[in-house]
Amino acid sequence: METIVSTISSTDTIWVLVATALVFFMQAGFAMVETGFTRAKNAGNIIMKNLMDFAIGSVVFWFIGFSIMFGKDNGGLFGSISLLISGDMFAIPANISKFTFVMFQTVFCATAATIVSGAMAERTRFISYCVYSAVISAVIYPVSGHWIWGGGWLSQLGFLDFAGSTAVHMVGGIAAFIGAAMLKPRIGKYDKDGKSHAIPGHSLTLGALGVFILWFGWFGFNPGSTLSIEGAAATAAGNIFMTTNLAAASATVTVMIITWIRYKKPDVSMTLNGSLAGLVAITAGCAFVNPVGAFFIGLIAGFVVVFGVEFIDKVLRVDDPVGAVAVHGLCGAAGTLMVGLFALDGGLFYGGGFHLLGVQAIGVLAVAAWVTVTMLIVFTIIKKTFGLRVSATEEIRGLDVEEHGLVSSYADFMPMLSQGEIPVGNDALEIIKPTASVEQAVPVVDKSTPTAARAKGLKMSNVVILTKQSMFERLKAAMDQIGVTGMTVTQVLGCGMQKGRPEYYRGVEMESTLLPKIQVEIVVCKVPVRTVIEAAKTALYTGHIGDGKIFVYDVENVVKVRTGEEGYDALQDVE
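Residues numbered from 1 in each chain as written. Predicted model: local features only at pLDDT ≥ 70, side-chain atom pairs only at ≥ 80, totals over all residues. Heavy atoms only, no water.

Caption draft 1: Representation of the sheet that holds strand β7 (residues 515-524) in the model. The strand order across the open sheet built from four strands is β4-β7-β3-β8, with neighbouring strands paired in antiparallel fashion. Looking at strand neighbours, the two that pair on one side only are β4 (488-494) and β8 (549-554), the edges of this open sheet. The average angle at which neighbouring strand axes cross in this sheet is 25°, direction not considered. In terms of strand pairing, strand β3 (residues 461-468) meets β8 through six bridges, oriented antiparallel. Residue V463 lies in a different strand from β8, and its bridge partner there is V552. In the packing of helix α18 (residues 472-481) onto the sheet, contacts are made with β3, β4 and β7, and the angle to β7 comes to roughly 10°. Here helix α19 (residues 529-540) sits on the sheet in contact with β3, β7 and β8, set at roughly 5° to β3. (Pairing = 2+ DSSP bridges. Helix = DSSP H or I, 4+ residues; strand = E, 2+ residues; numbered from the N terminus. Axes fitted to C-alpha atoms, helices over the stretch in contact; angles between N-to-C directions. Contact = heavy atoms within 4.5 Å.)

Caption draft 2: Highlighting the nonpolar core. Of all hydrophobic cores here, the largest spans 112 residues; its most connected members are F108, Y132, Y141, W149, M375 and F379. For F379, the residues in contact, after removing those within four places along its chain, are M120, Y132, A175, I178, G179, M182 and L388. One finds M471, F472, V484 and V524 within the second-largest nonpolar core, a separate group that totals 19 residues. (Core = buried A, V, L, I, M, F, W, Y, C linked by side-chain atoms within 4.5 Å. Buried < 20%, exposed > 50% of the residue type's maximum accessible area, 1.4 Å probe, protein only.)

Caption draft 3: Structural detail: the packing of helix α9 (residues 268-283) against helix α10 (residues 291-315). Between α9 and α10, the least distance of the axes is 8 Å, while the angle of their chain directions is 130°. As judged from the angle between their axes, α9 and α10 are oblique. Here α9 runs over α10; the crossing is right-handed. Counted together, M270, N273, G274, A277, G278, A281 and I282 of α9 and A294, I297, A301, V305, V306 and V309 of α10 form the full contact between these two elements. (Parallel < 35°, antiparallel > 145°, perpendicular 65-115°, else oblique. Left-handed = near helix turned anticlockwise from the far one by under 90°.)

Caption draft 4: The arrangement of α10 in detail. With 25 residues, α10 should reach 36 Å at 1.5 Å per residue; the first-to-last C-alpha distance of 35 Å fits that figure. Every buried residue belonging to α10 is among G293, A294, I297, G298, A301, G302, V305, V306, G308, E310, I312 and D313, and all of these are buried. Elements that come into contact with the buried residues of α10 comprise α8 (232-263), α9 and α11 (324-342). Phi turns positive, to about 55°, at R317, one or two residues after α10. (Expected span 1.5 Å × (residues − 1).)

So this is what it looks like as structure tokens:
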């Protein structure tokens, strides 16, 4: 980051503060993207993490992080520590005040921290995430940031990263990859053979809103990094606006076309990722390339994000719900390297040879190594102390209710159960393990005996189960294990005599309200009613109010409309 004038300028100060506000608004964009691309039962948790990223990051960056990043250089490795920014700073520009620059850098630090939230979504303990956020803002981001922007060894080497493809985005992307890999996938993401299953987010509308907010905020992120709007800086800012927008648009169109060809229809969520991929990739070179270079950087980023997401998901089997690793990690690295190709001054395609490209590669590898090693240490310590991942039960019920006591982030709306909520393969078996008495209660049916003979003396019953929506996966897995595959599921509203488990909002106990439930009806004949009841009790029991109720009714007759069969025969699927 460079400045052109040497005295404090009110115009430049206003310019930087407006850019700061735009970059801060990107926190809302990240929150919306991550919330929309994940399930409704975790929406409040996602919002809380994005809020605390900024809040915790602001405090620790002010306390120590800023001085490590911009304090007097120590051998090119880190700045002199000066708590509360009380000492002299080495790299503060002369045209704006110290705290104007501090605020601008604070919002950049928060951006690096919040990237990790999406990749680790839906299964990370909240306290562990808060600890991670403090560490990356206090030490990890500032050290590599010093190398690049604080007068450290990479800047001395001639490394170019104008607004942070590597300094901000790749740092966050690699931290996200380490965290997601150590956490392991969400329940239901992969089957026993390792095949990936889609777990759709609950609101593409929110995701799209987040992308538009981020695109808008990027006009503060990149142009604001001029730190001036006077003289030649004004021309530079206009060029940066153009290259930033063009790269994002190019990547968006590229991803739409790629997915249209590969998936037969243009993929909405992947195309939204494409927009962010172009923005991340151009961030390093937005001031060093022309519009033609920006177009090709965006085009290449489009390919990188599509195939990067597929590679991470299907080959590495790292579960990244929002594509943060591909968008920020891979495209951040690719964009930084492409400065060595497309930079007007020193780029390979403009007669500069391989020198700049080599320097860019060294910078990418060095920062990647730093973040990888430090984040492995940090996440390992967190895992051994606080614990990194929530339990299977907490994950299934949702982090909103388990971590924050929030019944639903959409108080008056009833979320629909998605296929992605249902565990598959070994995951389902681990979620619900019936007791020995339940397993022994399953009757052995002699299939060689004629149907009519088996039906003699068998009674038909309708078992009606009312329980929480979040418990459906456990119930279904339990029913599958005892041989019950047919059921009718209805979404209902209700509460018991206890008026629901007490929950609090801003410290005040919430009044009784009708809560979303599911009503599962199972008509059984071959499987004993007691077996169904015991399996359901085992699956649904938590010991808390609201576990549910089971009702049993006699069924006089059952008629299969298609064949005219009645009674026991009507309940059989065998032709």
